[in-house]
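# Coordinates in review
Residues per chain are reported as follows:
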Amino acid sequence: MIETIVEMLSYPFMVRAFVVGILVALCSALLGVSLVLKRYSMIGDGLSHVGFGALAVAAACNVAPLTVTIPVVVVAAVLLLRLNGNSKMNGDAAIALISTSALAIGVMVISMTTGMNTDVYNYMFGSILAMSSQDVKMCVILSVVVLVLYLFFYNKIFAITFDETFALATGVKANLYNTLIAVLTAVTIVLGMRMMGTLLISSLIIFPALTSMRVCKTFRSVILNSAVVSVVCFCIGISVSYFCATPAGASVVMANLVILGIYTAAGAVRNCRKIR
């Protein structure tokens, strides 16, 4: 068993995949708890579609994908937040409006330029072979920035997650911290697109939070458990992808699905014991 793990980690592309994936999984798990509790979990899916559109434009212009995708997705996240605050348009409608528009732009650009080449395919469905050394350096730096900002503003994020009205009354700048969550989520989505794919990256945000809420009752315990579950599921999924030659993103999602089932069963058993 140990020899097999050592063999897997002897490949540079696997080491890059684990380093970036673990950091992105941590960022996604932390942000996912707030997004799920605020009933805004589908922002990940919407931003991933925006990322695909930006990627298509970057590929057509022959420029570095991350340098184009990150600013575009960040702007889209802030715009989604503003539209969600508009009484005439709820969050789901805003996400649908921006995500479908961005996806349509991406498909149009691809159809008129490069077509469905390998790089675009990897971004759509994810690939552990797609991470270059330059991608890893940028992903590590940005992931650390996301984690530091989240931990530094943890108390404020906690306040606006549970009672935004009360937080406003106590002087917390709720709009500022909502924008911070949106920007951090946008950066995390872009970083994970290369490995998980635009179609599956939102699972890293949704699954760990929902899984942890099956057994954990406090915000801090949900946060910590989500982080552990996210990292463990990612490592299991990537290992399965390597040994069984399955798609990386789909393997990680299946690992999360299995763990969700286990936690759900454990929560049901605990509730039954309390009733008795």
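Now for a quick tour of the structure.

Cut-offs applied
- Residues numbered from 1 in each chain as written.
- Predicted model: local features only at pLDDT ≥ 70, side-chain atom pairs only at ≥ 80, totals over all residues.
- Heavy atoms only, no water.
- Axes fitted to C-alpha atoms, helices over the stretch in contact; angles between N-to-C directions.
- Helix = DSSP H or I, 4+ residues; strand = E, 2+ residues; numbered from the N terminus.
- Parallel < 35°, antiparallel > 145°, perpendicular 65-115°, else oblique.
- Left-handed = near helix turned anticlockwise from the far one by under 90°.
- Contact = heavy atoms within 4.5 Å.
- Nonpolar A, V, L, I, M, F, W, Y, C, P; charged D, E, K, R; others polar.
- Phe/Tyr/Trp six-rings, centres within 6.5 Å; stacked < 30°, edge-to-face > 60°.
- Buried < 20%, exposed > 50% of the residue type's maximum accessible area, 1.4 Å probe, protein only.

In this section: the packing of helix α7 (residues 133-152) against helix α10 (residues 174-196). Closest axis-to-axis distance for the α7/α10 pair is 10 Å, and the angle between their directions is 155°. The angle between α7 and α10 places the two elements in the roughly antiparallel class. Considering the relative orientation of α7 and α10, their crossing is left-handed. Residues Asp 135, Cys 139, Leu 142, Ser 143, Val 146, Leu 149 and Tyr 150 of α7 form the contact with α10, whose participating residues are Leu 180, Leu 184, Val 187, Thr 188, Leu 191 and Arg 194. Along the lines of polarity and charge, the residues of the contact of α7 with α10 split into nine nonpolar, two polar and two charged.

All right, on to the packing of aromatic side chains then. Working definition: an aromatic ring pair is given by the centre-to-centre distance plus the angle between the planes. Going through the model one piece at a time under the given rule, you end up with seven aromatic pairs. When the ring of Tyr 150 is compared with that of Tyr 154, the centres are 6.5 Å apart and the planes differ by 70°; the resulting orientation is edge-to-face. Note on Tyr 150: relative accessible area 1%, which makes it buried. Note on Tyr 154: relative accessible area 15%, which makes it buried. On the numbers, 4.9 Å between centres and 90° between planes, the contact of Phe 152 with Phe 153 is edge-to-face. The class of Phe 153 is partly exposed, set by a relative accessible area of 22%. Members of the aromatic cluster, each reached through a chain of ring pairs, are Tyr 150, Tyr 154, Phe 158 and Phe 219.

Note on placement: Asn 256 falls in helix α13 (residues 248-275). Non-local contacts of Asn 256, meaning those with residues more than four positions away in its chain, are made with Phe 207, Pro 208, Thr 211, Val 229 and Cys 233.

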